[in-house]
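Structural characterization, general
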Amino acid sequence: MRREGAARARGLRTDYCGELGPEDVGRTVSVCGWVSRRREHGEHLAFVDLRDHTGIIQCVVDGGHDIRAEHVIKVTGELRLRPEGTVNEAIPTGEVEVGASEVEILSVAEPPPFSVDGRIAAEEQVRLRYRYVDLRRERMQANLRLRAQVNAAIRRSMERQGFVEIETPLLWTPTPEGAREFAIPSRLQPGSFYVLPQSPQIAKQLLMLSGFDRYYQIARCMRDEDLRADRQFEFTQLDLEASFVRQEDLWEVVSDSVLEVARSVTGKEPPPVETMTWSEALERFGTDKPDLRFKMELVRLEEAVAGTGFKAFQAEAVRALCLKGGAELGRGRLDALTDRAKKLGAAGLVWLRVLRQSDGLALESPVAKFLSDKEKAAVVAATGAEEGDLLLVVAGERARSCRVLGQLRLDLAQPAVSEPPYRFCWITEFPLFEGLDDDGNPVAAHHPFTMPHPDDLDRLESDPLSVRSQSYDLVLNGWELGSGSIRIHRADIQRRIFSVLGISEQEAESRFGFLLGAFRYGAPPHGGFAYGIDRLAALMAGEESIREVIAFPKTQSGADLMAESPRALPERQLEELGLRLLPRPEAKSPG
Ligand code: ASP
């Protein structure tokens, strides 16, 4: 049962609790750890379950010791087989026990705020307040160790591919991701501030200009954004950049790293990473982050109902979903689906049950009478529907119709959030801009250093919203893990982009001047990527919340309940920083 660590320095102990087994019987062993449970055993003896990070071992000790839950002790004694009939099948060490001759209490513990081995989870607020106790739990031990395994796999892959790990500053300056920034006052230059990086974006581009060719970093990024939807102010990403590459080269590099992670965590060969364009993803799955673990793709019906007399289907797009076996859904469910579709922005939802009649398949629906037999047959053929299926159709503007069906697809068929297998997918050819801001300027979909698609460059000023970019996302099971792009390395294109974005030369100069300046000294073509390790580790651990794979996370309101941050600073310290506080209406309570 002993693991790779047979030879590792064992310190105060000879063995780890969870690694003892019948093959060790007869040896005198010393084990150290936390008391998980104590049960009296007759008048003079007690059973103590001792826990360390490898598991639990039962020790028989003199009942006279004052040993309680979470005391830290060392037990030395001979390992023996448990008497017949007392073997505990539920734990790996259940066949043996330490017959103790010596107990040393290394430290005593107050009763813990919640039971470490309890099956009933404590409130998250309490867990976060006493995170050091919470992290003793088996599940949290497993999660953080799995996360370390993810990091190790990433490093293996990056090193193998010739990337150099370089650290970049945390006390930095604005970067172009567009979120609100954290600022740190400078003591030596009162009135001036450092900015915590939203990512190492600018630093890594500079490293390309410096000739490092291939850079990576498991990097902390800080964004002062609202913490809705399972976000953290600080998060970790694999950040990389490479020179003289095309986007395809970067996809290969990044795919290698995530597949290495999946392989290392599951022990199985993962399916290869797929690639599809943004527009194809929208057409087939109604979203730019498709969950590929199940099919149920959107179907085009424009051809099937071309020239139809049915008003609702005379639209730019007529798209359908086929729900296998869905014909049995009752009116209540169908009405609820219709409401949902309308809430999502559709004008309505047409449902058609596929039933068998003597002369073949028939469609049953309140609108069936508006469709000709030929149209019905064409709809059945296009969707590949079979007896017992349900067709859901949305007609209207293309993007909106696809998005509505994409959401219904998830509502109806989504596997549990963290259910394997891991289906990674590249989404490519994103539009360069996503809509217009309040001043009518296009908004950069990725960031302003993203290279436009070469075929679309001449439309940059005339029809900016139609321009594709050389940017790409990596998606895993419906989650956007990260994004990247080929960067602009030519001053003339960069100037045009800033001008389209409505960023004046002065503004560009004041925000990113040192980067733009550096470009004058010889810039290689380059591009890069970054993906979130918190989400990746959470998915791999089967956790819904990234807080479960972060040692010391913050709450939804940005508080660290254990370290009690953020907190007020003494007047003296503020003065040193040259700061005076404005009166506050009311301090927010943490939590
Ligand atoms: N800096 C970008 C981000 O953090 C990723 C990249 O373009 O490399 O989202």
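A few points on the structure. Predicted model, so just to flag it, every value in this text is computed and none were measured.

So, about the overall build of the protein chain. When its secondary structure is counted, the protein chain shows 13 helices and 22 strands. In terms of its C-alpha atoms, the protein chain occupies a principal-axis envelope of roughly 90 × 80 × 55 Å. Across the 591 residues in the protein chain, those meeting the buried criterion constitute 48%. Of the contacts made within the protein chain by residues no fewer than 6 positions apart, 66% connect residues no fewer than 24 positions apart. Carbon together with sulfur atoms contributes 51% to the accessible area of the protein chain, which is approximately 29,600 Å² in total. Between the mean site of the 76 positive side-chain charges and the mean site of the 92 negative ones, the protein chain shows a separation of 1 Å.

For the rest of this paragraph, the subject is the environment of Y16. Along the chain, Y16 falls in the segment before strand 1 (28–41). Take Y16: its relative accessible area is 7%, and that puts it in the buried class. Separated by 16 residues in the primary sequence, Y16 and C32 have C-alpha atoms spaced 7.5 Å apart. One polar contact links Y16 to R13, side chain to side chain, over a distance of 3.4 Å.

A few words on the sheet that holds strand 17 (residues 424–428). Spatially, 8 strands are ordered 6-9-10-22-21-20-17-11 in an open sheet, and the strand pairing comes out mixed. Each edge of the sheet is formed by a strand with only one pairing partner; in this case those strands are strand 6 (164–165) and strand 11 (274–277). As defined by bridge partners, strand 6 adjoins strand 9 (residues 214–222) across 2 bridges and the pair is classed as parallel. Bridged to V164 within strand 9 is Y215. Helix-sheet contacts for helix 6 (residues 278–285) involve strand 11 and strand 17, and the interaxial angle to strand 11 is about 95°. Packed onto the sheet, helix 12 (residues 533–541) meets strand 9, strand 10 (234–243), strand 17, strand 20 (471–476), strand 21 (479–486) and strand 22 (526–532) and runs at close to 45° relative to strand 22.

Take the pairing of strand 3 (residues 55–62) next. Bridge count between strand 2 (residues 45–52) and strand 3: 8 bridges; the pairing is antiparallel. Among the inter-strand pairings, D52 is bridged to a residue of strand 3, identified as G55.

Turning our attention to the nonpolar core. I154, L240, F424, L474, Y531 and L536 are the most contacted members of the largest nonpolar core, which totals 59 residues. Considering every element that reaches this core, the biggest residue donor is helix 5 (residues 247–266), with 8 residues. In this view, Y531 contacts I154, T236, Q237, L238, V254, S257, V258, L474, L481, G482 and L536; residues no more than four positions away in its chain are not counted.

We now examine the packing of helix 6 against helix 9 (residues 398–413). Each pair of packed helices can be summarised by the angle the axes make with each other and by the distance between the axes. For the pair helix 6 and helix 9, the least separation of the axes is 7 Å and the interaxial angle reads 60°. Looking at the two axes, helix 6 sits oblique to helix 9. The segment helix 6 lies against helix 9, with W278, S279, L282, E283 and F285 engaging R398, A399, C402, R403, G406 and R409. Each residue belonging to the contact of helix 6 with helix 9 can be placed in one class, and the counts come to 5 nonpolar, 2 polar and 4 charged.

Now for the side chain of R547. With respect to the helices and strands, R547 occurs in the loop between helix 12 and helix 13 (571–576). Each residue touching R547, except ones within four places of it in the same chain, is listed here: E124, R131, M140, D230, Q232, P553, K554 and Q556.

Residues in close proximity to the ligand total 14 residues, the closest being E177, Q201, K204, H446 and R487. A distance of 2.7 Å is found between an oxygen atom of the ligand and a side-chain nitrogen or oxygen belonging to R487. Protein contacts shield 93% of the accessible area of the ligand, which totals 270 Å² for the unbound molecule. Secondary structure elements with two or more residues in the shell around the ligand: helix 4 (201–209), strand 21 and strand 22. Top element by residues in the shell around the ligand is strand 22. It accounts for 3 residues. Of the residues belonging to the shell around the ligand, the class tally is 2 nonpolar, 8 polar and 4 charged.

Next up on the list: helix 11 (residues 505–518). Residues spaced three or four apart along an α-helix point in a common direction, a consequence of the helix completing one turn every 3.6 residues. The terminal C-alpha atoms of helix 11 lie 16 Å apart, and with 14 residues this falls more than 12% below the ideal 20 Å at 1.5 Å per residue. Of all bends in helix 11, the biggest is about 95°, found at F512. Those residues of helix 11 not exposed but buried are A508, F512, G513, L515, L516 and G517. At its buried positions, helix 11 is contacted by helix 4 and helix 10 (491–501).

Definitions and cut-offs
- Residues numbered from 1 in each chain as written.
- Predicted model: local features only at pLDDT ≥ 70, side-chain atom pairs only at ≥ 80, totals over all residues.
- Heavy atoms only, no water.
- Helix = DSSP H or I, 4+ residues; strand = E, 2+ residues; numbered from the N terminus.
- Buried < 20%, exposed > 50% of the residue type's maximum accessible area, 1.4 Å probe, protein only.
- Contact = heavy atoms within 4.5 Å.
- Areas by Shrake-Rupley, 256 points an atom, 1.4 Å probe, with all protein chains shown as cover.
- Lys, Arg positive; Asp, Glu negative; His and termini not counted.
- Charge placed at Lys NZ, Arg CZ, Asp CG, Glu CD.
- Polar contact = N/O pair within 3.5 Å; in protein donor to acceptor, adjacent residues only side chain to side chain.
- Pairing = 2+ DSSP bridges.
- Axes fitted to C-alpha atoms, helices over the stretch in contact; angles between N-to-C directions.
- Core = buried A, V, L, I, M, F, W, Y, C linked by side-chain atoms within 4.5 Å.
- Parallel < 35°, antiparallel > 145°, perpendicular 65-115°, else oblique.
- Nonpolar A, V, L, I, M, F, W, Y, C, P; charged D, E, K, R; others polar.
- Near = heavy atom within 4 Å.
- Expected span 1.5 Å × (residues − 1).
- Bend = angle between axes of the 7 residues up to and from the residue.

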